[in-house]
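Chain and residue survey
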Amino acid sequence: MTVLTVYYFMAKVYWFPAPINDIGHEIDAQFMRTLLITGIVFVAAQLGLAYAIFKFRDRGQKAASFEGNNTMEIVWTLATIVLFVGLGLYARNAWAQVHFMGAQPGALQIEVTGQQFVWNFRYAGPDGKFGREKPELVSASTGNPVGLDPTDPASKDDVVSPVIVVPAGREVELIIRSQDVTHSFFVRELRLKQDAVPGMEIHMHFTATEPGDYEIVCSQLCGLGHYRMHSILTVMSETDFQKWMRDQEAANQ
Amino acid sequence: MVTHENGGGHGQHQPPSGFIRKYVFSVDHKVIGIQYLTLALFSVFLGMGLSLLMRLHLAWPTTHWFFFKGGLMTPEQYLALVTMHGTIMIFMVLTTAPQSGFGNYFLPIQIGAADMAFPVINMLSFWTTFVSLMVMVAAFFVAGGAPLGGWTSYPPLSALGEITGPGQGAGETLWIVGLAIFCAASLMGALNFITTLIDLRARGMTLGRLPLTCWTWLVTAILGLLAFGVLLAACILLLLDRIAGTSFFIPGGLVVTDQVITWHKGGSPLLWQHLFWFFGHPEVYIAILPGMGVTSHLLSTFSRKPVFGYRAMVGAVCGIGFLGFCVWGHHMFVSGMSPYSAFAFSILTMTIGVPSAIKTFNWLGTLWGGKIQFNSAMLFALGFVSLFVSGGLSGLFLAQPSLDLYLHDTYFVIAHFHLIMGVAAIFGMFAGAYFWFPKMFGRFLNEGVGKVHFWLTFVGVYCIFMPMHFLGLAGHPRRYFDASAVTFLQKLQPVHVFITIGAIVTISAQLLFLFNVIWSLLAGKEAKEENPWHATTLEWSIPSPPPHDNFGGVEPVVYHGPYEFSVPGAADDFIPQHLAPNLVRKA
């Protein structure tokens, strides 16, 4: 059983896809460190258990009589503290880079809105300003899924899209929110997941480097359509992105 | 250390004669323990049945089954199964059986008491639990069916009523009410356990001579007392949001399917998550600690050796109990909580690995140099250790926020908590069942069937839950009705088929256990001697099954520690706790 498990972890038959940002590599490295430590402990503990069970099976011998050993208790307590807490402290690096700091000024801002059971993405348009939104104007059926207020001049040029397109190599700042219940924005290749919580605007940032299409899924139970709340993140070159943006703005007029 | 002769109204030595007072509304802790175990046995088969339906659907989503209307499952039916499987298993099985079931039966006997401290409250807490189960199961039969919000029932999904989905109307209300009733029942039980253990210990039963089972029941009761009060409050607030128009958990400006919610504003969905997980994390230990107690107890008894590091074990149990209250935030790394507190919660969570590792080392130390006897009870205890290690180590991944960001709410989490709080805890219960059955009913469970049951279950659960780690690594989110909408999920389908086959075999193996229990009750080998396992604790000093007030009105006196096995100079390889020093036979 142990051998089979180790094989599957080594063979990586089912594994995560390659990351498309720097932080992804950092996280994968931390994952491998954790896997190495837990792997060794796993094999040692399971085989140790199996060995003890086999060696000390009842063959008519007399059981030894000892009630403990304080030195050993102290040694393995300290060893596990160093190992586990050390691993936890080490993990700080990957965490702090994304979460202790905000995005750089000049990052491309995109507002992500979750609703049962679709994602919508809003770009500020040429003026660089997000227009006002009003809950009472939300109407998916009439093509205003995020409730843009047409009386606000800043909202005129806002682009709302059911898919998210970002330029490769440029930092993107997501502003994640939800209209109804809690959703969760998850892109495997970015190694990022963030709940979209009603009443909160949560900021998150990344810089994607590999052009391509990546799937976005919802990973917080949001109702009966949870499993089909799906969209696509497209990473493209800066020039392609500019062209896409112009097309969207033209369609908006 | 109350003496029972003058300890109040329950000092009677004659059992009640009427059927109802004796078996239904009984105040005898042994009858109540068996009632709890029966409730848990019913619930565990119900919960397994629900999971089997989910597994069948996940493996073969397009196959028509006769038991669904129209042959196919709907998404809302699937999520109702998710919710009710989790709720029934966690509350009605993992919380009741190890603590209220076995604890009720054996805690008073192991400390030398005639009954629990408050027998009537004990009866009340069982019947309150029973009502809670009925209310929850009723959710299946109301319009809209059972709720689809999962056992965590996050608002606003759970707070806005039918508008958010079928099952979120009457079904969700019944679910919340049922859970609140369960909290009340558990609070009464916890108080009773703590008082009993502190006040009713027999002469000589010092804290240092308590069996480790009793230590874990005590710590579990303390956890229950502190945790269920919080959940009760959270349930009441959620109910008020639903029926009284308050907004504890609902912010303003929500739009659900194009309908603006104008009557709620100012609440916070995160408040529920904090309250829920402040309860929810200790709940994990409520489920697993008694299993640890039973495992320690059995490893010592059946390797004929004292527990290695008794004091360290007690310290580890208390440490796990305490730290259990400091780590709820690790369920919320992606919730929008401050990244600084996430980091603090992460380090505290990694720290829990330390007492857990101490326990594992001490279990190995207990086995080391022993004379290990392989009966079904011992096999399940050894299985517990293996599962505890496997399930515990995956916790080290999830405890790191940077890794949890990817693994959160994927099948990796399902694999982790099923191995450790689901299956390991259940192995603890099976171990207890095979060990104590002869004491409770005067007959042994069949050993041959027991061993087949063990091996099928042990291999089966690994076949179910190990592959789920890989689904999680591939990014498969939890609570997904099917893979149709997501491309990367579709190539994972063979894993689902494998898991479902494992589940069918494992669940079938549990029918063996059910058969074993029924057959052994009627015609099992009789347990003629009081102490067939040559164990040391007090329950083995009285007849099987024990008489109405356990010790026949005589308070036992305790002279020894709980695990005096293979003591040098003694003729037998065990010294019962109640044996006076001058009666111990010399070699």
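Residues numbered from 1 in each chain as written. Chains lettered and ligands numbered in written order. Predicted model: local features only at pLDDT ≥ 70, side-chain atom pairs only at ≥ 80, totals over all residues.

Let us now look at the overall build of chain A. When you go through chain A residue by residue, the secondary structure sums to five helices and 10 strands. Its C-alpha atoms give chain A principal-axis dimensions of roughly 90 × 35 × 35 Å. Residues classed as buried in chain A amount to 38% of the 253 residues present. Contacts in chain A between residues far apart in sequence, at least 24 positions, make up 69% of those at least 6 positions apart. (Helix = DSSP H or I, 4+ residues; strand = E, 2+ residues; numbered from the N terminus. Buried ≥ 20, exposed ≤ 12 C-beta atoms within 10 Å, placed from the backbone. Contact = placed C-beta atoms within 7 Å.)

Residues and elements named next belong to chain B. Taking 1.5 Å as the rise per residue, helix H9 (residues 339–367) with 29 residues should run 42 Å; its terminal C-alpha atoms sit 43 Å apart, in good agreement. Counting buried residues in H9 gives 22 out of 29 residues, a clear majority hidden from the surface. Gly369 sits one or two residues past H9 and shows a positive phi near 80°. (Expected span 1.5 Å × (residues − 1).)

Between chain A and chain B, the contact holds 84 residues from the first and 94 residues from the second. Counting residues per element, the ones that place at least two in the side of chain A that touches chain B are helix H1 (2–11), helix H2 (22–55), helix H3 (70–90), helix H4 (92–99), strand S6 (183–187), strand S7 (192–196) and strand S9 (212–218) of chain A. The element that contributes the greatest number of residues to the side of chain A that touches chain B is H2 of chain A, accounting for 13 residues. Class assignment of the residues belonging to the side of chain A that touches chain B gives a composition of 42 nonpolar, 28 polar and 14 charged. (Nonpolar A, V, L, I, M, F, W, Y, C, P; charged D, E, K, R; others polar.)

Quick look at the sheet that holds strand S4 (residues 164–167) of chain A now. All names here are of chain A. Pairing within the open sheet is mixed, and its five strands lie in the order S4-S10-S9-S6-S7. Every interior strand has two partners, whereas the edge strands, S4 and S7, have only one. Neighbour to neighbour, the strand axes of the sheet diverge by 20° on average, direction disregarded. Where S4 lies against strand S10 (residues 230–236), four bridges are found, and the strand directions are parallel. Bridging across to S10, Pro167 finds its partner in Met236. (Pairing = 2+ DSSP bridges. Axes fitted to C-alpha atoms, helices over the stretch in contact; angles between N-to-C directions.)

Residues and elements named next belong to chain A. In space, the five strands of this open sheet follow the order S3-S2-S1-S5-S8, with mixed pairing throughout. Lying at the two open borders of the sheet, with one neighbouring strand each, are strand S3 (159–161) and strand S8 (202–207). Neighbouring strand axes in the sheet, compared pairwise and without regard to direction, differ in orientation by 25° on average. Judged from the three bridges that link them, strand S2 (residues 118–123) and S3 form a sheet pairing that is antiparallel. Its bridge partner being in S3, Arg122 is matched across the sheet by Val160.

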